[in-house]
Amino acid sequence: DQQVKQNSPSLSVQEGRISILNCDYTNSMFDYFLWYKKYPAEGPTFLISISSIKDKNEDGRFTVFLNKSAKHLSLHIVPSQPGDSAVYFCAARRENEKLTFGTGTRLTIIP
Amino acid sequence: EPEVTQTPSHQVTQMGQEVILRCVPISNHLYFYWYRQILGQKVEFLVSFYNNEISEKSEIFDDQFSVERPDGSNFTLKIRSTKLEDSAMYFCASTIRGAGAGELFFGEGSRLTVL
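These numbers come from a predicted model, not from an experiment. (Residues numbered from 1 in each chain as written. Chains lettered and ligands numbered in written order. Predicted model: local features only at pLDDT ≥ 70, side-chain atom pairs only at ≥ 80, totals over all residues. Heavy atoms only, no water.)

Colleague: What is the right way to read the pattern of salt bridges from this model?
Modeller: For side chains of opposite charge, pairing can occur when their charged atoms come near one another. Summed over the entire model, instances satisfying the criterion amount to six salt bridges over all chains. With its nearest N and O atoms 4.0 Å apart, the salt bridge here joins Lys56 of chain A to Glu58 of chain A. (Salt bridge = Lys/Arg side-chain N within 4 Å of Asp/Glu carboxyl O.)

Below, the structure is given as structure tokens:
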């Protein structure tokens, strides 16, 4: 039961360009969404989050957009830097419940 | 910056053996979690723990699994009789409030290889 889906297993982007990572969810009860970044042999690191009452949240180079009607969220990274190369996990939860993760998208920034 | 620490970083064990994975959550955190990631797959929830008891567990967390907070700092995951399919990266996480209040802080993970 994949409630959180990341349909692109990998993405390559030229350095300096915009990276757009997408995530879809099926559970309309989710009310909080997060993006985590993961380097090999390390644990997931929190990147940015958004509450279901908002449609956009920005933090430096990172912006998360939420489209509740489409049950879709995206992470924009601009400009992309080589250090952004990692696996990005979308995660979602209902209030006071566990996080449900997507399958991840491997982002490669090409210098 | 405070962090979640996990030991061992890698453990190799024979099928049927008991394994204990250890975690030291961030000191003022109250909610603790174990997640795992089988190679190439998504990060999966195993169990959450608060106030010295399990608050939620997944279908994966069967009778072979147990968690314990034996003292004020450690949070352990025990697998009583390991199976080949238990091979995965196990992540401990903690948060100061419940998962409803923000992000989880993850440790670097313990890689378990069952032969």
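Colleague: Would you explain the side chain of Thr105 of chain A in this entry?
Modeller: All names here are of chain A. Locating Thr105 in the fold gives a position in strand E11 (residues 105–110). When its relative accessible area of 2% is taken as the criterion, Thr105 is described as buried. Reaching out from Thr105, the side chain makes a polar contact with the side chain of Gln6 at a distance of 3.5 Å. In this structure Thr105 touches Gln6, Ser8, Pro9, Ser10, Leu11, Leu21, Ala86, Val87 and Tyr88, once residues within four positions along its chain are discounted. (Helix = DSSP H or I, 4+ residues; strand = E, 2+ residues; numbered from the N terminus. Buried < 20%, exposed > 50% of the residue type's maximum accessible area, 1.4 Å probe, protein only. Polar contact = N/O pair within 3.5 Å; in protein donor to acceptor, adjacent residues only side chain to side chain. Contact = heavy atoms within 4.5 Å.)

Colleague: I keep staring at the state of the cysteines and nothing clicks. Help me out?
Modeller: A covalent bond bridging the sulfur atoms of two cysteines is what the word disulfide describes. Applying the stated criterion across every chain yields a total of two disulfides over all chains. At a sulfur-sulfur separation of 2.0 Å, the disulfide partner of Cys23 of chain A is Cys90 of chain A. Taking the torsion about the sulfur-sulfur bond, which here is approximately -70°, the covalent link between Cys23 of chain A and Cys90 of chain A counts as left-handed. Remark: Cys90 of chain A occurs in strand E9 (residues 86–93) and Cys23 of chain A occurs in strand E3 (residues 19–25); sequence separation between them is 67 residues. Per residue, the accessibility class of Cys23 of chain A equals that of Cys90 of chain A, and both read buried. Here Cys23 of chain B is linked by a disulfide to Cys92 of chain B, with a sulfur-sulfur distance of 1.9 Å. An S-S torsion of about -65° defines the bridge between Cys23 of chain B and Cys92 of chain B as left-handed. One end of the pair, Cys23 of chain B, is in strand E3 (residues 19–24); the other, Cys92 of chain B, is in strand E9 (residues 88–95), and 69 residues separate them in sequence. Taken individually, Cys23 of chain B and Cys92 of chain B each receive the classification buried, so the pair is uniform in this respect. (Disulfide = S-S within 2.5 Å.)

Colleague: What is the right way to look at the interface of chain B and chain A in this model?
Modeller: Interface extent is often summarised as the accessible area lost during association of the parts. Listed by partner, the interface residues are 17 residues for chain B and 20 residues for chain A. Interface area for chain B against chain A, summed over the two sides, is near 1600 Å², with a carbon-plus-sulfur share of 61%. At the junction of chain B with chain A, the criterion picks out one salt bridge. Among the salt bridges present, the one from Lys98 of chain A reaches Glu56 of chain B, with a minimum N-O distance of 3.5 Å. Run the count over chain B and chain A and you get three residue pairs in polar contact (both at pLDDT 80 or more). Those elements that place two or more of their residues in the side of chain B that touches chain A are strand E4 (31–37), strand E5 (43–50) and E9 of chain B. For the side of chain B that touches chain A, a count of residues per class yields nine nonpolar, four polar and four charged. (Buried area = accessible area lost by both parts, 1.4 Å probe. Nonpolar A, V, L, I, M, F, W, Y, C, P; charged D, E, K, R; others polar.)

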